Amino acid sequence: QVQLVESGGGLVQAGDSLRLSCEVSGRAFSTYTVAWFRQAPGKEREFVGVIRWSGVADSVKGRFTIARDNANNTMYLQMNNLKPEDTAVYYCAAVEHYSGTYYYPDEYDTWGQGTQVTVSS
């Protein structure tokens, strides 16, 4: 099993950009599908993007780009033109040897502790 540690969150203004990182340790990162979710207060955890072990990526936000660096065991979420509604705790998640949509939290068995992103208007 891998361990996940997110970083890069903070307080920014609307229109700014942030890059979140998720460092993966413990096992070979290249065989894992990894994803970003976010959760705002009082709301359910929401899918943001996924990058499969094959390198194929999906993102629900055109302003967000997900990428992975297998050599450095790190996944990234580049967020541009941030909006106040992007305020949430952002989590990375991982799963290995699984085939599914990858869009739902229940499909992942390993989570990071989360990093807070706050966007002021």
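How each quantity is defined
Residues numbered from 1 in each chain as written. Predicted model: local features only at pLDDT ≥ 70, side-chain atom pairs only at ≥ 80, totals over all residues. Heavy atoms only, no water. Helix = DSSP H or I, 4+ residues; strand = E, 2+ residues; numbered from the N terminus. Rg over C-alpha atoms; globule rule 2.2 N^0.38 Å. Buried < 20%, exposed > 50% of the residue type's maximum accessible area, 1.4 Å probe, protein only. Pairing = 2+ DSSP bridges. Axes fitted to C-alpha atoms, helices over the stretch in contact; angles between N-to-C directions. Disulfide = S-S within 2.5 Å.

Student: It is not clear to me how the overall build of the chain should be interpreted in this structure. Could you clarify?
Tutor: When helices and strands are tallied, the chain shows zero helices and eleven strands. What you see in the chain, going N to C, is helices and strands ordered as β-β-β-β-β-β-β-β-β-β-β. In terms of overall dimensions, the chain is globule-like: its C-alpha atoms have a radius of gyration of 13 Å, near the 14 Å expected for 121 residues. Projected onto its principal axes, the C-alpha coordinates of the chain cover approximately 40 × 30 × 25 Å. Residues classed as buried in the chain amount to 41% of the 121 residues present.

Student: Where do I start with the sheet that holds strand β1 (residues 3-7) in this structure?
Tutor: Within a sheet, neighbouring strands are paired by backbone hydrogen bonds and run either parallel or antiparallel to one another. Ordered by their spatial adjacency, four strands build an open sheet running β1-β3-β8-β7, and the pairing between neighbours is antiparallel. Whereas interior strands pair on both sides, the edge strands pair on one side only; in this sheet they are β1 and β7 (64-69). The sheet shows a mean angle of 15 degrees between the axes of neighbouring strands, taken without regard to direction. When strand β3 (residues 18-25) meets strand β8 (residues 74-79), the two strands line up antiparallel, connected through six bridges. Looking at the pairing, Leu18 lines up with Met79 of β8.

Student: Is there a simple way to explain the state of the cysteines in this structure?
Tutor: Scanning the model with the defined rule gives one disulfide in all. Cys22 shares a disulfide with Cys92; S-S distance 2.1 Å. Linking Cys22 and Cys92, the disulfide has an S-S dihedral of approximately 65 degrees and is accordingly described as right-handed. Separated by 70 residues along the polypeptide, Cys22 in strand β3 and Cys92 in strand β9 (residues 88-96) bring together distant segments of the chain. The residues Cys22 and Cys92 share a single accessibility class, namely buried.

Student: Mind showing me how you'd approach the pairing of β1 here?
Tutor: The side chains of a regular strand alternate between both faces of the sheet. Residue alternation in β1 divides its side chains into a buried set, Leu4 and Glu6, and an unburied set, Gln3, Val5 and Ser7. Note that β1 and β3 share five bridges and pair antiparallel. Within β3, the position partnered with Leu4 by the bridge is Val24.

Everything listed is a geometric property; what it means functionally is a separate question.
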